[in-house]
Amino acid sequence: MKHIFIAIAAIIVTCVTANANNFSIFKGVLGGKVTDSKTGKPVADATIYITDLKTGTASDKDGNFILKNIPEGNHLFEVSHIGYTTIIENIIITTDTKRDFLIAEAVTENNAVVVTGVTGATQLKKVPFAVSVIKKQELFQIPSTNIIDALTKIPGVSALGTGPAISKPVIRGLGYNRVLTINDGVRQEGQQWGDEHGIEVDEASVNKIELLKGPASLIYGSDAMAGVVNIISNVPVPANTIKANISSNYQSNNRLSSLNANIGGNKNGFNWNLYSSNRAAADYKNKYDGYVYNSKFKETNAGGYAGYNGNWGYSHLLVSSFDLKAGLVEGERDTDGSFIKPVAGGGDTKATDADFKSTTPQIPHQRIRHFKIATDNSIKTGKGRLTFNIGFQRNQREEFGNIDDPEERELYFDLKTITYAAQYHFAEKKGWKSSIGINGMQQSNSNKGEEQLIPDYSLFDFGTYIYTQKTFAKLTLSGGLRFDSRRIDAKDLLDGSSVKGNGFKKSFSNASGSVGMAWQAIDKLNIKLNAARGYRAPSLPELASNGAHEGSNRYEYGDNNLKNETSLQFDGGFDFNTEHVSVGLSSYYNSFNNFIFYSKLEAAGGGDSLIDVNGDFLQAFKFGQRKAALAGFETRLDIHPHPIDWLHFENSFSFVSGKFAAAIEGSKNIPFIPAPKLLSELRGNFNHLNKAIHDFYVLLQLDNTFAQNNIFTAYNTETKTPGYTLLNFGIGANFVNKNKQPVLNVSAGVQNITDVAYQNHLSRLKYNAENLATGRTGVFNMGRNFTLKVNVPLSFTMIK
């Protein structure tokens, strides 16, 4: 690790020294005006942004803008405004460059600038794989219980849930360590291997999410087999401004309330942002279970960044703190069907109305703290550019399950991670854009609780890659190669002073790569094809777990003989857009060697294998490997008949099937594959309802989730799930002042209007204890839920 940091430091010093004389010589300027293409009127508050340089500005009330200190060269600009179609354009910057922009009211938004899965900012139409972009305004409008549930609007994306506080992304049937989360350029390392571990990011701070579907091991290495969720929180505000927001969210079902605030500034290149948020919720309810005992949670977050942007590049320091306390739903009930809670000294009693309405988690519960500090940098080096980041994260997860000693930590994982990444971007030449890079991490985990589920361990990970992209007139080809190496040193797994699992050392290595094309066949038709090899080293729980997992009601056994999990995915698709209709299709086939999964263990005499843990009998599960394949498709249809451009009838359908190459106890189905889903939304968008109300929308959504009968039946691991249909509603608008500046954003909605009692196939609460009074197994999802979001934006212009 020292050698890598020394090498990175040497590269940085060399580049800085070589270019020190150039830092103050060139100061490129872009100026111009943003105008409505239909009315000819100026557009105020349009954002002009250079993603690679993390710098931008906004148009004034007359539509004029000026952006200074731009390095010489060819830069990708994104010009955007709510309600207008985004303009993406490469502009060669000289000393003083002028460019005016005509923007049109948006009918559909089918283009953006993305950074996920590529080594630099790239037009969405030119990447060969499926990437979806959701911006802050859209997240504000989507009725959802948490940010991962909001992402399930994207076709092919599902959520594995353990109550409202914990949701994990599942992309095309794959989740856990196969989905990589990136937050502000830094790989997020928490306890992503477990059912009850979320992404540990403050959702109120999110400005934009890019979600890549398919293997992304070329750029990110191990774990990005299913895709990447790239969460972008810290974005500099326009130059010479201070912007702030105060927002709140209320949800009726579980009495969730939140208060969030952020403020950012940008003056003479120095830019910064600070944010803070608090959320609390009581127990949620549905018509079958009533209030679900101990589904409550509390969350407190803070963070921000500070840095400097100059004509030489930028350097930012980022800090964040996440703190979640969440109850663990066991689903235990008495013979009358009432939820019960443990009492000190032994035994149990019925949960009371006061218990349900409290927002303080009770026994058992967990606390998850995640602290991160990182530096994010980009330095111009001649005609090229060097980007690098180094981050430190500490993730602490504690489980509390002893009613006689509520402060006793049954499990306490203390995970410390140092991540590093560096890329050199060669100057674009004759349509070629190429980069070389390294990234990886050093990680250590310590057990500080009464019990151990996984051993203490240390891990070192290193990868290097080369990526290139060639653009012809309407065709973009891209691809690259990568090599990874990972070393793991696991200590003895202890039960008190006894050894219940011997320590071991393992090494994993892999070569991966991808190749693809994006072809703008005609102006209205974009075609994409891609082939990629994915790679994942087994996680520590898969290799070495041996213990009770309170949050998932399981006893888990690992296998330290597991091998690398590798895959080869072929995917392709097209997008066709006209003034009346937009159609898209994406299909894929993903073949796995050594696919890792867990299944129940069968007792010697038949039936489930049960482990007695302090008087509680937990079902035993063990990790194994098989050859497998997943295949599926996602399709979308948006009807927006001209000239009724405000009306949209949006439909999407997603389907995935997973099969083992050979049957296991008569079953070939991969466990826990999402059910097919048809999402239909009738929506009206009115960019200017009147002088005071802009960006008004109203929607009615039908969420049709089909039955999942293709289950893994071996050892009774999985059960069938019936289909269901949810009806949702949303309405909202931005209120503006006489200068057309927003002064209030409001979004309201109702989820599950008809109060359907349902269980999502990926809900872990589906496998909780049987309700003896009704004969129903497990706990059901949330019932009807009214939501209200309010945001007050503030903006101040500083003297230039």
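See the structure printed just above.
Residues numbered from 1 in each chain as written. Predicted model: local features only at pLDDT ≥ 70, side-chain atom pairs only at ≥ 80, totals over all residues. Heavy atoms only, no water.

1. A look at the overall build of the protein chain
Working step 1: Broken down by element type, the protein chain carries six helices and 49 strands.
Working step 2: With the C-alpha coordinates of the protein chain rotated into their principal frame, the extents come out at 80 × 60 × 45 Å.
Working step 3: Residues classed as buried in the protein chain amount to 57% of the 800 residues present.
Working step 4: Per element, the accessible surface of the protein chain, about 32,000 Å² overall, is 57% carbon and sulfur. (Helix = DSSP H or I, 4+ residues; strand = E, 2+ residues; numbered from the N terminus. Buried < 20%, exposed > 50% of the residue type's maximum accessible area, 1.4 Å probe, protein only. Areas by Shrake-Rupley, 256 points an atom, 1.4 Å probe, with all protein chains shown as cover.)

2. Notes on a positive patch on the surface
Working step 1: Positive charge collects at one region of the surface, where Arg255, Lys285, Lys287 and Arg784 lie side by side.
Working step 2: You can see Lys287 is positioned in the loop between β21 (285-286) and β22 (290-291).
Working step 3: The class for Lys287 is exposed, based on a relative accessible area of 52%. (Patch = residues over 30% accessible without salt bridge, like charges linked within 9 Å, V, L, I, M, F, W, Y side chains within 5 Å. Salt bridge = Lys/Arg side-chain N within 4 Å of Asp/Glu carboxyl O. Lys, Arg positive; Asp, Glu negative; His and termini not counted. Charge placed at Lys NZ, Arg CZ, Asp CG, Glu CD.)

3. Comments concerning unusual backbone geometry
Working step 1: A cis geometry characterises the amide bond from Ile363 onward to Pro364, with omega recorded as -5°.
Working step 2: The topology assignment puts Pro364 in the loop between α5 (353-357) and β27 (365-381).
Working step 3: Geometrically, the link from His642 to Pro643 is a cis peptide bond, its omega value of 10° lying close to zero.
Working step 4: You can see Pro643 is positioned in the loop between β42 (616-639) and β43 (647-664).
Working step 5: One non-glycine residue with positive phi stands out, namely Glu200, at about 60°.
Working step 6: On the basis of relative accessible area, Glu200 is assigned to the buried category, the value being 8%.
Working step 7: A positive phi angle, near 65°, is found at Lys740, a position not held by glycine.
Working step 8: Within the element layout of this structure, Lys740 appears in the loop between β47 (724-736) and β48 (742-751).

4. Quick notes on the pairing of strand β13 (residues 167-171)
Working step 1: The element β13 is extensively covered by neighbouring structure, given that five of its five residues are classed as buried.
Working step 2: A two-sided burial pattern is seen for β13, the buried positions comprising Ser167, Pro169 and Ile171 on one face and Lys168 and Val170 on the other.
Working step 3: In this structure, the hairpin formed by strand β12 (residues 157-161) and β13 is closed by a connection of five residues, where Gly163 is found at a positive phi of approximately 95°. (Pairing = 2+ DSSP bridges.)

5. Section: the packing of aromatic side chains
Working step 1: For the structure shown, the criterion picks out 17 aromatic pairs.
Working step 2: Ring geometry for Trp646 against Phe686: centres 5.0 Å apart, planes inclined by 25°, an arrangement best described as stacked. Linking Trp646 in the loop between β42 and β43 with Phe686 in strand β45 (residues 677-688), this pair joins segments that are 40 residues apart in sequence.
Working step 3: Through a chain of ring-to-ring contacts, the aromatic side chains of Phe592, Phe595, Phe597, Phe660 and Phe712 assemble into a single cluster.
Working step 4: The ring of Phe472 carries Lys470 above its face, with NZ or CZ at 5.1 Å from the centroid. (Phe/Tyr/Trp six-rings, centres within 6.5 Å; stacked < 30°, edge-to-face > 60°. Lys NZ or Arg CZ within 6 Å of the ring centre and 35° of its normal.)

6. Some words on the pattern of salt bridges
Working step 1: As enumerated under the stated definition, the model contains 35 salt bridges in all.
Working step 2: Between Glu138 and Lys153 there is a salt bridge, with its nearest N and O atoms 3.9 Å apart. In this pair, Glu138 is assigned in helix α2 (residues 136-141) and Lys153 in the loop between α3 (147-151) and β12, connecting sequence segments 15 residues apart.
Working step 3: Exposure remark for Glu138: the relative accessible area of 30% places this residue in the partly exposed category.

7. Thoughts on the nonpolar core
Working step 1: Residues Leu151, Ile209, Val229, Phe595, Leu630 and Phe660 are the most contacted members of the largest nonpolar core, which totals 35 residues.
Working step 2: At the level of secondary structure, the elements contributing two or more residues to this core comprise α3, β12, β16 (208-213), β17 (227-232), β40 (581-600), β42 and β43.
Working step 3: Leu151 has contacts with Ile134, Val157, Ile209, Leu211 and Val229, leaving out every residue within four places of it along the chain.
Working step 4: Phe413, Leu543, Leu562 and Leu762 belong to the second largest nonpolar core, which has 26 residues in total. (Core = buried A, V, L, I, M, F, W, Y, C linked by side-chain atoms within 4.5 Å. Contact = heavy atoms within 4.5 Å.)

8. Quick look at the sheet that holds strand β6 (residues 87-93)
Working step 1: In space, the four strands of this open sheet follow the order β3-β2-β5-β6, with antiparallel pairing throughout. Each having just a single partner strand, β3 (55-58) and β6 make up the two edges of the open sheet. Each strand axis lies, on average, 25° off the axis of its neighbour in the sheet, ignoring direction.
Working step 2: Two elements, strand β5 (residues 73-80) and β6, share seven bridges in a ladder whose sense is antiparallel. Paired with Phe77 across the bridge in β6 is Glu89. (Axes fitted to C-alpha atoms, helices over the stretch in contact; angles between N-to-C directions.)

9. Things to note about the sheet that holds β16
Working step 1: The five strands lie next to each other as β11-β16-β17-β14-β15, forming an open sheet whose pairing is mixed. Unpaired on one side and paired on the other, β11 (130-135) and β15 (186-187) mark the two borders of the sheet.
Working step 2: Pairing between strand β14 (residues 179-183) and β15: two bridges, direction antiparallel. Its bridge partner lying in β15, Asn183 is registered against Val186.

10. What about a nonpolar patch on the surface?
Working step 1: A cluster of nonpolar side chains, Ile522, Phe574, Phe576, Leu585, Phe633 and Phe655, forms an exposed patch at the surface whose accessible area comes to about 450 Å².
Working step 2: Assignment of secondary structure puts Phe574 in strand β39 (residues 565-577).

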